[in-house]
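Results of the structural survey
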Amino acid sequence: MRKIHKKCVFSVVLTLVLCELVLRLYGHLHPSLLAYNPSRYLKFKARPGDFSYGFPINSDGFKDVPFIAAKTRDEYRIAAIGDSLVFSMVPYEGSFCTQIEGEHPTVNVMNFGVIGTSPEDYITILKKDAIRFAPDAVIVFLYMGNDFLPTTQKWYEYSALATVVHHSIKAVRSYKGQDIRQNYAYDDNMTPFSYPDFLRTQSKYAITYLMDDNQFRKEFDRAMLSVYAMRDICSRHRIRFSVVALPDRLQLDPALQKEVADHLKISVSAFDYLRPQKMLAETLGANGIAFVDLYQPFADDSLRKFINNDIHFNLLVNKLVATSLPTDWFKKD
């Protein structure tokens, strides 16, 4: 009886080990949604039918009018990909995606922003959502505050088998998307968070500017792998590809910089606030990727740029983004 028990245990362990090895090999050769770990994408994509300041999330889970596969004759279709700054924390009419359409009447900017995502998730958004609508161009908006932060692994992500089981369970549960809890009137003077909460968020993002050069290079290169993957996908589909650097509030506000430094008990001089943009300009330029850094237009504008106690852009800055991008990005070849 004891021998049978030992054989059963051995068989189970051997099966699990073989499954782990096979899944790791398969994931290396054929990356898939299960192996790729799209947890943030699945967790934070908005729920169709929910409301953002009175505007309904479309059936594909995005803050835009319903997406239509067929293009009109003169339409120039752009897929805007990014996190909550693209999703937009202002009403639909005031988001920079909609404002761009106002500036360029033949352009259709499809808002593929998903709250809480990062460059690795942007690949999933491009492959799973954007490509099937045949965009003429893809613009990826990188947020300097958190797109280069160190990543942390969930317990199940250390095992290919556990990752597959975890995502399979989520799929069986038929996740419907997150409730964005934004069905109230927008006020440009509202204060959605307490100042201590806001300061904690900005202190967390300050790691981007505090990391030593070797650690930052590691995180930067990780993000660039995602950018290169998106460029290659667009190249195969003959889609124009470009990148925009969206500045972090902490980069622009000296008073906030001092408060964060005091909160972290670190000298203000320890922060390298413009390192992300400098490395992006150098790296993307060397790889022939069209790039625009919006730091200077933001720095030159003296108007209030952000929602109170929040990292997100207010209405004026959404307009500023729309008018600061190169006009030739919105023209057919």
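A brief structural summary. (Residues numbered from 1 in each chain as written. Predicted model: local features only at pLDDT ≥ 70, side-chain atom pairs only at ≥ 80, totals over all residues. Heavy atoms only, no water.)

Of note, the phi angle at serine 88 is positive, near 85°, even though the residue is not glycine. Take serine 88: it is sitting in the loop between helix H4 (84-87) and helix H5 (96-103). Of note in this structure, arginine 238 is not a glycine but carries a positive phi near 55°. The topology assignment puts arginine 238 in the loop between helix H10 (213-236) and strand E6 (240-246). (Helix = DSSP H or I, 4+ residues; strand = E, 2+ residues; numbered from the N terminus.)

Moving on, we come to a nonpolar patch on the surface. The grouping of Val9, Phe10, Val13, Leu14, Val17, Leu18 and Leu21 at the surface amounts to a nonpolar patch, some 630 Å² of accessible area in total. Tracing the sequence through the fold places leucine 18 in helix H1 (residues 2-29). When its relative accessible area of 45% is taken as the criterion, leucine 18 is described as partly exposed. (Patch = residues over 30% accessible without salt bridge, like charges linked within 9 Å, V, L, I, M, F, W, Y side chains within 5 Å. Areas by Shrake-Rupley, 256 points an atom, 1.4 Å probe, with all protein chains shown as cover. Salt bridge = Lys/Arg side-chain N within 4 Å of Asp/Glu carboxyl O. Buried < 20%, exposed > 50% of the residue type's maximum accessible area, 1.4 Å probe, protein only.)

As a general point, the strands of a sheet are linked pairwise by backbone hydrogen bonds and lie either parallel or antiparallel. In spatial order, the strands read E4-E3-E5-E6-E7; together these five strands make up an open sheet with parallel pairing. This sheet does not close on itself; its edge strands, each paired only once, are strand E4 (107-113) and strand E7 (290-293). Across the sheet, the mean angle separating the axes of adjacent strands is 20° when strand polarity is ignored. Its contacts with the sheet put H10 on strand E5 (137-143) and E6, and the angle it makes with E6 is roughly 150°. Of the strands in this sheet, E5, E6 and E7 touch helix H13 (residues 275-286), which is tilted by about 160° from E7. (Pairing = 2+ DSSP bridges. Axes fitted to C-alpha atoms, helices over the stretch in contact; angles between N-to-C directions. Contact = heavy atoms within 4.5 Å.)

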